[in-house]
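# Understanding the architecture of this molecule
Next come the chains, spelled out residue by residue.
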Amino acid sequence: MTRSSRIRRAALAAGACTAVAALLGTAPAAQATQAAPDIPVAAVKAHLAQLQSIADANGGNRAHGRPGYRASVDYIKGKLDAAGFTTSLQPFTSGGATGYNLIADWPGGAEDATVLTGSHLDSVDAGPGINDNGSGSAGILEVALAVSREHLKPAKHLRFAWWGDEEDGMVGSSHYVDALGADSSKISAYLNFDMIGSPNPGYFVYDDDAKLEKVFKDWFAAKNIATEPETEGDGRSDHAPFKDAGVPVGGLFSGADYIKTAAQAKAWGGTAGKAFDACYHRSCDTSRNIDDTALHNHTDAIANAVWQLSS
Ligand code: DTR
Ligand code: ZN
Ligand code: ZN
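The step from D132 to N133 runs through a cis peptide bond, and the omega angle for that step is 5°. Along the polypeptide, N133 turns up in helix α4 (residues 130-149). Even without a glycine there, the phi angle at H151 is positive, about 50°. With respect to the helices and strands, the residue H151 is situated in the loop between α4 and β4 (156-163). Judged by relative accessible area, which is 57%, H151 ranks as exposed. The backbone of M195 sits at a positive phi, close to 75°, despite the residue not being glycine.

With that settled, consider the coordination of the zinc ion (ligand 3). In an ideal octahedron of six donors the angles at the metal are 90 or 180 degrees, and in an ideal tetrahedron of four donors they are 109.5 degrees. With distances of 2.0 to 2.6 Å, the protein atoms coordinating the zinc ion (ligand 3) are H120 (NE2), D132 (OD), D194 (OD) and D194 (OD). Read in sequence order, the donor residues coordinating the zinc ion (ligand 3) give the pattern H-x11-D-x61-D. Separating the zinc ion (ligand 3) from the zinc ion (ligand 2) is a gap of 3.5 Å, which D132 spans by donating to each of them. One end of the pair, H120, is in strand β3 (residues 110-120); the other, D132, is in helix α4, and twelve residues separate them in sequence.

Another aspect to go through is the pairing of strand β1 (residues 86-94). The side chains of a regular strand alternate, residue by residue, between the two faces of the sheet. Pairing between β1 and strand β2 (residues 97-106): nine bridges, direction antiparallel. Note on β2: the bridge partner recorded for L89 is L102. Hairpin connection between β1 and β2: a loop of two residues separates the two successive antiparallel strands, and G95 in this loop has a positive phi of roughly 60°.

A word on helix α5 (residues 171-180). Along α5, the positions that sit buried rather than exposed are G172, S173, Y176, V177 and L180. Here the buried residues of α5 occupy an arc of 135° about the axis, which is enough to place them on one side. In α5, the exposed positions angled more than 90 degrees off the buried face are occupied by D178 and A179. Looking at the buried positions of α5, the neighbouring elements they touch are β1, β2, β3, β4, β5 (187-193) and α7 (239-244). A positive phi of about 60° marks G181, the residue just after α5.

The rules we used
Residues numbered from 1 in each chain as written. Chains lettered and ligands numbered in written order. Predicted model: local features only at pLDDT ≥ 70, side-chain atom pairs only at ≥ 80, totals over all residues. Heavy atoms only, no water. Helix = DSSP H or I, 4+ residues; strand = E, 2+ residues; numbered from the N terminus. Buried < 20%, exposed > 50% of the residue type's maximum accessible area, 1.4 Å probe, protein only. Donors = N, O, S within 2.8 Å, 3.2 Å for Na, K, Ca; no water. Pairing = 2+ DSSP bridges. Arc of directions from axis to C-beta. Contact = heavy atoms within 4.5 Å.

Have a look at this one:
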């Protein structure tokens, strides 16, 4: 019996017990949070292969204002529309070019307590940006598709976003937060994932909000994976405009051009004295520039956080 069928059988049993208890007037205070499913890393890699093909067919990149970016948006939107999400494109102008945020809402749940999960979809001009940030974009896409496959009915509303033009300074996410205005108070948590498959990986957890940080740290601890606080990214990715607006933020990061220490290599494997991602912002950030285990671990941690925070 697979792990996910065990989880489904346990959920059905719990549901039956709850129904009987309700009839007897002894319903439990609250049903346990349904466990998130394992996210198939092969499916995440398949999305990355598609993003690589898109870059190959569009001048070698998926950068803001270039055809590869809009093709990336159309690919992800197509998957979400087919899975039952309500999607929309939010245009904005940056550097004289039109950019787009892709917003996807999972119908249902309390909209005044929205859990928003986001990743920037644009690459730099120099290359296809598969780790930065195809990895985050593909990871949250597959989590969103798992929400659909599981027919999740969370108490809180789930929204996913793929931001445009992060590389020029979080332009798309800043435009979204500005347009939200006072409605930013309806976002109970913003979870950001920018680089989660680095080839010489680290496991860094955003330490901006203690509750959100604990969700991720507890999950990794249960897997016996050591983590460190994410410190190099303050203000350097799409969580920054949300944090500035007072929204609780969290997220994960597998490392960029900083150098892995001997202690980190002992904890995480990989190579000390080398960058976490030596192809950061370079043309070699291709679909070969990914550590599958790191991509899988991070994506499963995202799924756990989405399930837990929206229950
Ligand atoms: N700003 C991101 C890469 C980046 C560098 N440090 C961090 C820390 C946390 C998140 C992201 C980053 C980019 O180049 O897209
Ligand atoms: Zn970047
Ligand atoms: Zn990035």
